[in-house]
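Summary of the model geometry
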4 protein chains.
Amino acid sequence: MKAERICIIGGGGRLWTIQFLKDLAYNRDTHGTVVLYDRDGEAARNNVAVARRIMAVNGAVGRFTVTSEEELGKALDGCTLIIISIEPGSTELRRGDLLLSEEYGILQSVGDTTGPGGIMRARRAIPLFVEFAAAIARHCPEAWVINYTNPMTLCTAALHAGFPAVKALGCCHEVFHTQDFLAERVSAWFSVPRPDRRQITVDLTGINHFTFVTAATWEGHDLMARLREDLQDPHLFDDRTAVAKKRLAGEQWFDCDQLIALSFLRDFGALGAAGDRHLAEFVPWYLQSDEELHRYGVIRTPYSWRERQAAEKRAKVFTDSELKAEKSDEEGVDIMCALAGGPSLRTNINRPNEGQVSYLPKGRIVESNGVIMRDSIRPIMAGDPPLAIQNLVRHASDVQQMTLDAVRAGDDELLFSAFLSDPLMTLSRSRARELFDRMLDACSLKY
Amino acid sequence: MKAERICIIGGGGRLWTIQFLKDLAYNRDTHGTVVLYDRDGEAARNNVAVARRIMAVNGAVGRFTVTSEEELGKALDGCTLIIISIEPGSTELRRGDLLLSEEYGILQSVGDTTGPGGIMRARRAIPLFVEFAAAIARHCPEAWVINYTNPMTLCTAALHAGFPAVKALGCCHEVFHTQDFLAERVSAWFSVPRPDRRQITVDLTGINHFTFVTAATWEGHDLMARLREDLQDPHLFDDRTAVAKKRLAGEQWFDCDQLIALSFLRDFGALGAAGDRHLAEFVPWYLQSDEELHRYGVIRTPYSWRERQAAEKRAKVFTDSELKAEKSDEEGVDIMCALAGGPSLRTNINRPNEGQVSYLPKGRIVESNGVIMRDSIRPIMAGDPPLAIQNLVRHASDVQQMTLDAVRAGDDELLFSAFLSDPLMTLSRSRARELFDRMLDACSLKY
Amino acid sequence: MKAERICIIGGGGRLWTIQFLKDLAYNRDTHGTVVLYDRDGEAARNNVAVARRIMAVNGAVGRFTVTSEEELGKALDGCTLIIISIEPGSTELRRGDLLLSEEYGILQSVGDTTGPGGIMRARRAIPLFVEFAAAIARHCPEAWVINYTNPMTLCTAALHAGFPAVKALGCCHEVFHTQDFLAERVSAWFSVPRPDRRQITVDLTGINHFTFVTAATWEGHDLMARLREDLQDPHLFDDRTAVAKKRLAGEQWFDCDQLIALSFLRDFGALGAAGDRHLAEFVPWYLQSDEELHRYGVIRTPYSWRERQAAEKRAKVFTDSELKAEKSDEEGVDIMCALAGGPSLRTNINRPNEGQVSYLPKGRIVESNGVIMRDSIRPIMAGDPPLAIQNLVRHASDVQQMTLDAVRAGDDELLFSAFLSDPLMTLSRSRARELFDRMLDACSLKY
Amino acid sequence: MKAERICIIGGGGRLWTIQFLKDLAYNRDTHGTVVLYDRDGEAARNNVAVARRIMAVNGAVGRFTVTSEEELGKALDGCTLIIISIEPGSTELRRGDLLLSEEYGILQSVGDTTGPGGIMRARRAIPLFVEFAAAIARHCPEAWVINYTNPMTLCTAALHAGFPAVKALGCCHEVFHTQDFLAERVSAWFSVPRPDRRQITVDLTGINHFTFVTAATWEGHDLMARLREDLQDPHLFDDRTAVAKKRLAGEQWFDCDQLIALSFLRDFGALGAAGDRHLAEFVPWYLQSDEELHRYGVIRTPYSWRERQAAEKRAKVFTDSELKAEKSDEEGVDIMCALAGGPSLRTNINRPNEGQVSYLPKGRIVESNGVIMRDSIRPIMAGDPPLAIQNLVRHASDVQQMTLDAVRAGDDELLFSAFLSDPLMTLSRSRARELFDRMLDACSLKY
């Protein structure tokens, strides 16, 4: 395979960047250069040192050279692949995203994708991604771009808005967790060891973090039929407040039992294919109160923890064993290899709708399965979910489109259209407007 | 013109039936027979006597013969026109439609179109309209059918579901009131006497009671531009609680200042084209509480008044002067004449979507302008409203379609999909389910 | 009504210009200024003198002032209405349009709309109309534009391509003739005097000169059913060569019996709504030879006659009685009045597809019914014709779109795609290419 | 893997059946039963003997049991896979398909897919496939069905018309040949050994035998760009009559140089992805005469050879070495294994359009890439070809749809709509009708 030149935008990050570098070191088929770029130049430079340790620890020295660049243009020059994983604005700005709406009774379990928090975050992120796209158009228009940043859909959409010919996709592991959940169930249903998630074939449709499984098989068995049988169990939806309390005590923010995912299957006919904490944010019924949310075993990630974690990540000193690569569940390096001509890959991708999601307009960024081949990604047609699911997804996608249009036009009145239309926005119009004005003030980028 | 044979289903009613008969007596161009049919045969028979007085008072004796029929098939035989204006189930059932959801904090200002009340009413009405359609297919497949019954969209949709070749339309005067409102404004803006509403040309799009004006002109003046100037007035949306209190005291349930209609223009870019009491029911922001609603000068019609009014209507004795016709604002007779070959008519109609509303699927019942000609109705393409409006209307139309599908399939689990998806349904899922089950019990037809 | 300022582009013409001025003089409701503009300035100036005689003869002096302008920008300044009726390139260029393809066995009865001749004419016309559009955008962007020039569809499309916000429509009287034909049949079927064509209601769909009637009524009678009965007559399609010979002798180029129009009804299920000489050019089956064409009573207009007629028109001296106005059948002035706020008009129009023709892409210029109101034109949804008709119309519309794209891009290789795809192009590929290259050479504008 | 029960309808055939059985014997992963069914029971029984020899020669005895059945229902009972490869009507009927239209100057190089011959063949085949579908619905509704019969599109469409839930696909090797052609070119361009066709990734769109490649890569190289360079060679399209003559002499009916496929690339912007003899039949430009066709090096298969070949196939005695399996290029067995849970397969398939071909209506049978997985086939979105290609394909697909509708309705007048609309039908209307009536008479099934 040819040498890659990979630019990581947000290369100063301590999570995705490190993980990606480890996967790169682990994979034996590629070689080339990695350029770390970060608005926080020092963070990027620090990660160069970590990267070199990763290469050393994994015996990959020589295969990949790692450097940093202060200027975006220089970082992009000659690149074949760009990874984007940034925090749009400082962690401090998320305080406004999350805590202000809480004052008005609007709770968010994540707040980075949808709802008032997601919209404010998008307002910060979209201009950055439009700029990235313009720089890519100038410096490496043929490069492939993988976005990991949330709000995934809108950041990926902003890349396409800024450079329509961009070869970009958005990647997210939430669907993998749904496959893991199904693999767990397979083990129970068929008394077999838990299969690898890739053995669970799913048909997918929707938008990132609000994706749905309409069909799932393992070894030819119809898993949806099995799940529907499970739904007959009168105890399936029993109150899980006790579990939630334990999770709170243990700071297990990301754990869930897919009860909300299953609730969509019960009430609307398709299985939610993201963590419950994401799914809950797209509809008004689950985040009524922490008590209500706890009934499903789901807890909210507190802002204070995010703040603490951000500080810890910055201060983090990695041990060698933390830098030692095993095969992670992330697919970034596999995708890179497939695009470079290695084995093709069928996986869930976020791409402009060419028709693969029949009930959304062309051009919207949608999540469904696709085939990744040498220098080409082709979406696979998704089966249609029940109308009730189409309706919910379309509503969410429309709000995203309004947000994109408003932010690109710099029109905060139009942005209020989106804000008011969000499914979580069940305030009176005047309270909603008050919250909106306060959030505009508190959640804006200040450079 | 040829003799008409008109069947009024719900011919025992004391409002529409009487009004239609007066319009018929007033119009000099038509003649024929009117057959009153009502599930309550006595009410129909009583109205025959009233009808004859109407013909006498208006000098129309001889032009129209009025009879009643006990059997629907006989009533329909040979008909050229059918008017349907019924109450789907007794007034008592509306108690459940309105009062149960109120216990859960879901207020409805009308409750006959959308929201929990509208869905339960639709559940009673749809089977009746499917039956009507089947009878029409058998007895007078070539007849035109005008439906006035709410939920307008779903009753008209049920006619088409029951008999796909039915020549049916739904008629509603709410848009007329929007034209009246604009005529009033024209008078103020241009210092002219208030023009007739027909002088106000509007471009319309949406579904019944949730229709929007995207363009309006009078004598070539762009009225939307004028309204947008009005929106600059900082006092336009001042609190109208005092007005609302007066309206409550005066039992003026139907009065409004179109402030919610204007609020849609302000926030979403198109003017609501129905009374505020209807518009408010399609979104979660206005019916939060009576206090909130009163701020817009809008009040809810109490169930007790409806009960009292139903009793009064039944007991009503008309004076001769009450039966004397003037030109009313209703268009039923004009439509009948246009279909019979009289002057063609351009007006708002509820018809299956052939594409006139670009953002809704084909086949859905939509409200837009149309041309009514001899034995033919052709919809006029509606201009596209902003995406925010498209999104709200599509959401509402999807819930209606789910309701139709569920009721036709007799599938109350599917109906719960619709119920939960309604924009007013901002309860937790479990509370929503509890309400749904109680309403199923309280709001069903019992024959 | 307000004063109009009307610019006639092609104001030196001796046919449409004179007719339009007569209609203007006849109509009592309008007043203002007419500016004649023509690339041939002398022709425009000559027509000013004729125009003044028209106003005098019809007692309209004072209502309309007529002048000419040498410069297009000046002619357009302040205009409220623009009429375009030009000859794209000299009559001499039509020699190539018609006679070259004849050498290859491709006969055309008109050659101004479709086929090799129509494509070459479009290649000359499109850049002119793009220029007109740009000038209108600069000088009078609010003016309405009525195009009468062929190829109607592509000239109107070029206006929209050059200035997307242009308020333009294309008008053509071919559908009127179909109404006249039906009126004639009504007279025979019902033994009544021939009704006015406006009494014949038609539902229309297609593109200019290849439009189809899917429904037609007169006084509630289904005329399509009657026509289908006529089709049972075994002599209906009897050979009309003798009639054709008479027409040839009498130079009655435009006469026809609508046998080809009826042939579409027989074979494909919808009635052609243009003269047979136009309809025949869109399909390969009728213009195989003059002998074949004569069987339908249709004759081709020879180029020599066109040349002679052009010379005669230029030399024409009008008598006063020729300038005296009666109500003509053209609707230009009626449309102008409707747009100015006079009585609204329902008629056939050529406008961008918003969905009124369901089987063609949005944006294509289509012909169907529309409502013309004060400063607004709204298309009426057309009923769908049988698939066979949809297929033929779509094929023709696609070739037009390719032609537009190719000429705008100045790409003659792409234009060859269109040329080869034309239904009349049944030559071998190499012969087709030879003809194309020769026509490019012979049919181009030379300024 | 589970045991398969495979029914071959047309199991008496000597080409596909034998090849499929050899592939089955060659593949080591499957086992089960093969049931041969043929309207000609004796042919099926004879093939049982051949089948057993195949199993013996290939050491596959024990893995597959082969039997025959006289009754279709019995043959289908319990099946997991059905292969259909039949001759719809005797070879003798093809005489009418091909020779009658030749009398009228309409030449066909194959005559089994499109054109007058294809339409008449479809008229015979469609009712048979509707019957097969009904039997499958009754006897093995869960079985997968692979159709190899021509007209591929219409036979596969008829299966879906007869049993909408059928799990069917159509398979054809023409695209493989295009891949082979590209592999050959790759070898020349890059001076490498000819790669396996599976190394050539193509993006595909269209309908069977009229499919187009819009993108092709090998090892990341853009092969379309290379082909466009080839098109610059002024000798590429030099007259190949001499080659054609040699092919005629050698009875090499199926050989071609893809010059017509390349001609589509030159003139319309996408590469034809079927043999020239198929592509030529969908447009009027190549089959003008044998002389014209020979210029492209293409020859027509004469009817006399077909007759002779049919007799030879019936009389054929296989030697052991002819029955020895190697890996053939057909994919039937690979598809079966993929559906049973073996390695998934990305290949070209004929399936109902869910949107994978954006410019054709939903439901039409289209050819594009798809992913075949355990019990599931998902189409891959095809990239859009230039409008000129969309237009040609849509035209052909519309004619197919009209044919399907007409044959299902038993309406030969509607079938004439299709017949006249076929791109090869460049006769006058009256000659076309005469030919149609003669073909109806000569080409019908007589049982």
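Just so it is clear, the model here is predicted, and its values are computed rather than measured. (Residues numbered from 1 in each chain as written. Chains lettered and ligands numbered in written order. Predicted model: local features only at pLDDT ≥ 70, side-chain atom pairs only at ≥ 80, totals over all residues. Heavy atoms only, no water.)

**Quick word on the packing of aromatic side chains**
This model, assessed by the stated rule, comprises 69 aromatic pairs over all chains. Consider the rings of A:F416 and A:F419, whose centres lie 6.3 Å apart with planes at 25°: the pair is stacked. Of this pair, A:F416 and A:F419 both sit in helix α17 (residues 412–421), three residues apart, which is roughly one turn of the helix. When its relative accessible area of 1% is taken as the criterion, A:F416 is described as buried. Seen from their ring centres, C:F416 and C:F436 are 5.2 Å apart, and the 55° between their planes marks the pair as tilted. With a gap of 20 residues between them, C:F416 in helix α17 (residues 412–421) and C:F436 in helix α18 (residues 429–442) connect regions that are remote in the sequence. These aromatic residues form a ring-pair network of at least three members: A:F210, A:F212, A:F264, A:F268, A:F282, A:W285, A:Y286 and A:Y296. Just above the ring of C:F176 sits the side chain of C:R197; from NZ or CZ to the centre is 3.6 Å. (Phe/Tyr/Trp six-rings, centres within 6.5 Å; stacked < 30°, edge-to-face > 60°. Helix = DSSP H or I, 4+ residues; strand = E, 2+ residues; numbered from the N terminus. Buried < 20%, exposed > 50% of the residue type's maximum accessible area, 1.4 Å probe, protein only. Lys NZ or Arg CZ within 6 Å of the ring centre and 35° of its normal.)

**Points about the relation of the copies chain B and chain A**
Turning chain B through 180° and shifting it by 0.0 Å along the axis lays it on chain A, with an RMSD of 0.0 Å. The superposition of one copy onto the other is thereby described by a two-fold rotation axis. Of all interface residues in chain B, 100% are interface residues in chain A too; the two copies therefore contact each other through one and the same surface. (Least-squares fit on C-alpha atoms with pLDDT ≥ 70 in both. Contact = heavy atoms within 4.5 Å.)

**What to know about the arrangement of the chains**
Looking at chain A next to chain C, you find no contact at all, with the nearest C-alpha pair sitting 14 Å apart. Regarding chain B and chain D, which are not in contact, the minimum distance between any of their C-alpha atoms is 14 Å.

**Re helix α15 (residues 332–339) of chain A**
Residues and elements named next belong to chain A. Along α15, eight of the eight residues are buried, which leaves the element largely enclosed by surrounding structure. The set of residues buried in α15 consists of G332, V333, D334, I335, M336, C337, A338 and L339. One or two positions beyond α15, positive phi appears at G341, with a value near 110°.

**Topic: the pattern of salt bridges**
Scanning the model with the defined rule gives 121 salt bridges over all chains in all. In this structure, the salt-bridge partner of C:D180 is C:R194, at a minimum N-O distance of 3.1 Å. Of the two residues, C:D180 is situated in helix α7 (residues 174–190) and C:R194 in the loop between α7 and β7 (201–207); the sequence distance between them amounts to 14 residues. On the accessibility criterion, C:R194 (43% relative accessible area) is partly exposed. For D:R197, the salt bridge goes to D:D329, with nearest N and O atoms at 3.2 Å. One end of the pair, D:R197, is in the loop between α7 (174–190) and β7 (201–207); the other, D:D329, is in the loop between α14 (320–323) and α15 (332–339), with 132 residues separating them in the sequence. A relative accessible area of 4% means that D:R197 is categorised as buried. On the basis of relative accessibility, which here comes to 30%, the residue D:D329 falls in the partly exposed class. One continuous salt-bridge network, built from bridges that share partners, spans A:D196, A:R197, A:R198, A:D329 and A:E331. (Salt bridge = Lys/Arg side-chain N within 4 Å of Asp/Glu carboxyl O.)

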